[in-house]
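Residue-level structure breakdown
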Number of protein chains: 2
Amino acid sequence: MARPGGRSARVQASVHAAVRELEAERGREALTVPLVAARAGVTPSTIYRRWGDLQELLSDVAVERLRPDTEPADLGGLRADLTAWAEQFLDEMSSTAGRAYLRDALLGDPDGGNAGQCSAYAAAQVDLVLDRARERGESGFPAREAVMDHVVAPVMYRILFRPDGLSAEYVRRLVASALDRSTGR
Amino acid sequence: MARPGGRSARVQASVHAAVRELEAERGREALTVPLVAARAGVTPSTIYRRWGDLQELLSDVAVERLRPDTEPADLGGLRADLTAWAEQFLDEMSSTAGRAYLRDALLGDPDGGNAGQCSAYAAAQVDLVLDRARERGESGFPAREAVMDHVVAPVMYRILFRPDGLSAEYVRRLVASALDRSTGR
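Everything numeric in this text was worked out from a predicted model, so none of it was measured.

Reading the values: the criteria
- Residues numbered from 1 in each chain as written.
- Chains lettered and ligands numbered in written order.
- Predicted model: local features only at pLDDT ≥ 70, side-chain atom pairs only at ≥ 80, totals over all residues.
- Heavy atoms only, no water.
- Least-squares fit on C-alpha atoms with pLDDT ≥ 70 in both.
- Contact = heavy atoms within 4.5 Å.
- Helix = DSSP H or I, 4+ residues; strand = E, 2+ residues; numbered from the N terminus.
- Buried < 20%, exposed > 50% of the residue type's maximum accessible area, 1.4 Å probe, protein only.
- UniProt positions renumbered as here; feature names shortened; annotations may be inferred.
- Buried area = accessible area lost by both parts, 1.4 Å probe.
- Salt bridge = Lys/Arg side-chain N within 4 Å of Asp/Glu carboxyl O.
- Polar contact = N/O pair within 3.5 Å; in protein donor to acceptor, adjacent residues only side chain to side chain.
- Nonpolar A, V, L, I, M, F, W, Y, C, P; charged D, E, K, R; others polar.
- 1 Å grid on protein atoms, 1.4 Å probe; cavity = no way out; pocket = protein on both sides within 12 Å on 5 of 7 lines; lining within 4 Å.
- Points joined across faces, edges and corners; volume = space filled by probe spheres on them.

Further remarks concern the relation of the copies chain B and chain A. Under the fitted operation, chain B is carried onto chain A by 0.0 Å of movement along the axis and a turn of 180 degrees, and the coordinates agree to an RMSD of 0.1 Å. This pairing of chains is accounted for by a two-fold axis. Taken as a fraction of all interface residues of chain B, those also at the interface in chain A reach 100%, which identifies the copy contact as same-surface.

Written as structure tokens, this is what we have:
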């Protein structure tokens, strides 16, 4: 999406900022490419050339919004760290804003690059939690992809397809099951 | 989405058929509400009143396409039945058409009803497989929601967000892990 080069980066920053401002001021339904272009000080054709259409632009903005802005908390042990991270992940992704960003990220994304970036953000957070456990000398913890399959995937699947019964307690059970499975408990 | 009443059902059938025909003839990019209305023999306002916009109509059509048209095969045992069903589920949902229908189903679906229907179809298929095992007197099989969390969810999450490495072998591992977990193996 972002092309190399200073001007390209400035255009992206100003267009993304214009989307965020206009969304806050007028709501997403009011967004149009000409409106965003005017606020960003670029021509509509600049936006069409670069993003194709409004949906692809909103998808790029959504992925930026879904990027974690903090590292997972260090609570001194894998179970506590992974549980706290997963509970926060559920809170953020299942919020009204989180669901809207997830939909945008998936929808204006024909090549799947933005959806992949969302998943990469979660995987990087899980890696941080597991690396910390490794550094502490903890053992018997699951592989990152096992956490993706059995903690991240069920949370995301239920947010998108099956929201009934989503709760912090549900997430704690997923984490406990993933950890117990990896230790053969 | 379908309202009760004979005329309503006829309108839905003719509009859905028009979408399928026009998509096959001209491709989805060519679809417009006036084009679909003309083919279906209804007014555009009938479609706008009932579906809101093209995206919601495409979402309804996609859910119809995602409805399983066969029962899971009976191969004589839970492991074989669940493995075969999960492999077929992966094939169908990860196909080019399947991915397009999944995107459509999620997209034009502000209230989440269509996404919920997709998940309900999968849950009903899993129930059939588990009920059959129960009738055979098999024991130690997982609850339906455990299959949703640890087989269906990882497959759908990876199709949407993380497609690398999706394979029948991956699905077989998910099924084996879910079954072994439930029998404490």
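Residues and elements named next belong to chain B. Within the secondary structure layout, His16 lies in helix H1 (residues 6-26). You can call His16 buried: its relative accessible area is 5%. Residues contacting His16, with those up to four places away along its chain left out, are Trp51, Leu57, Asp60, Val61 and Glu64.

Next up on the list: the UniProt feature "domain: HTH tetR-type" (unreviewed entry) in chain A. UniProt tags residues 9-69 of chain A as "domain: HTH tetR-type" (unreviewed entry). Secondary structure across residues 9-69 of chain A comprises 77% helix and 0% strand; the distance between its end C-alpha atoms is 20 Å.

Another aspect to go through is the interface of chain B and chain A. Between chain B and chain A, the residue contacts involve 32 residues of the former and 33 residues of the latter. Both sides together, the interface formed by chain B and chain A hides about 2,800 Å², and carbon and sulfur atoms give 50% of it. For the chain B face of the interface with chain A, the top three residues by lost area are Tyr157, Phe161 and Arg181 of chain B, together amounting to 26%. Run the count over chain B and chain A and you get six salt bridges. As a salt-bridge pair, Arg162 of chain A and Glu145 of chain B come within 2.8 Å of each other at their nearest N and O atoms. Across the contact surface, chain B and chain A share 17 residue pairs in polar contact (both at pLDDT 80 or more). Broken down by secondary-structure element, the contributors of at least two residues to the side of chain B that touches chain A are helix H6 (96-107), helix H7 (113-136), helix H8 (144-161) and helix H9 (168-182) of chain B. Broken down by element, the residue count for the side of chain B that touches chain A peaks at 13 residues, all from H8 of chain B. Within the side of chain B that touches chain A, the residues separate by chemical class into 17 nonpolar, five polar and ten charged.

By rolling a water-sized probe across the atoms, one finds the places where empty space is left. By volume, the second largest pocket amounts to about 460 Å³. Along the wall of the second largest pocket there are 23 residues; nearest its centre are His150 and Ser177 of chain A together with His150, Ser177 and Arg181 of chain B. Taken together, the elements giving at least two residues each to the lining of the second largest pocket come down to helix H8 (144-161) and helix H9 (168-182) of chain A together with H8 and H9 of chain B. When residues in the lining of the second largest pocket are grouped by element, the largest group, seven residues, is from H9 of chain A.

The next thing to look at is empty space enclosed by the protein. By the definition in use, this model includes three cavities of 30 Å³ or more. In this structure, the largest cavity spans a volume of roughly 50 Å³. Along the walls of the largest cavity sit Leu66, Phe89, Met93, Leu102, Cys118, Ser119, Ala122 and Met156 of chain A together with Tyr157 and Phe161 of chain B, which together make up its complete lining. For the lining of the largest cavity, the elements supplying multiple residues, two or more each, are helix H5 (78-94) and helix H7 (113-135) of chain A together with H8 of chain B. When residues of the lining of the largest cavity are assigned to their parent elements, the largest contribution, three residues, is made by H7 of chain A. Broken down by class, the residue content of the lining of the largest cavity amounts to nine nonpolar, one polar and no charged.

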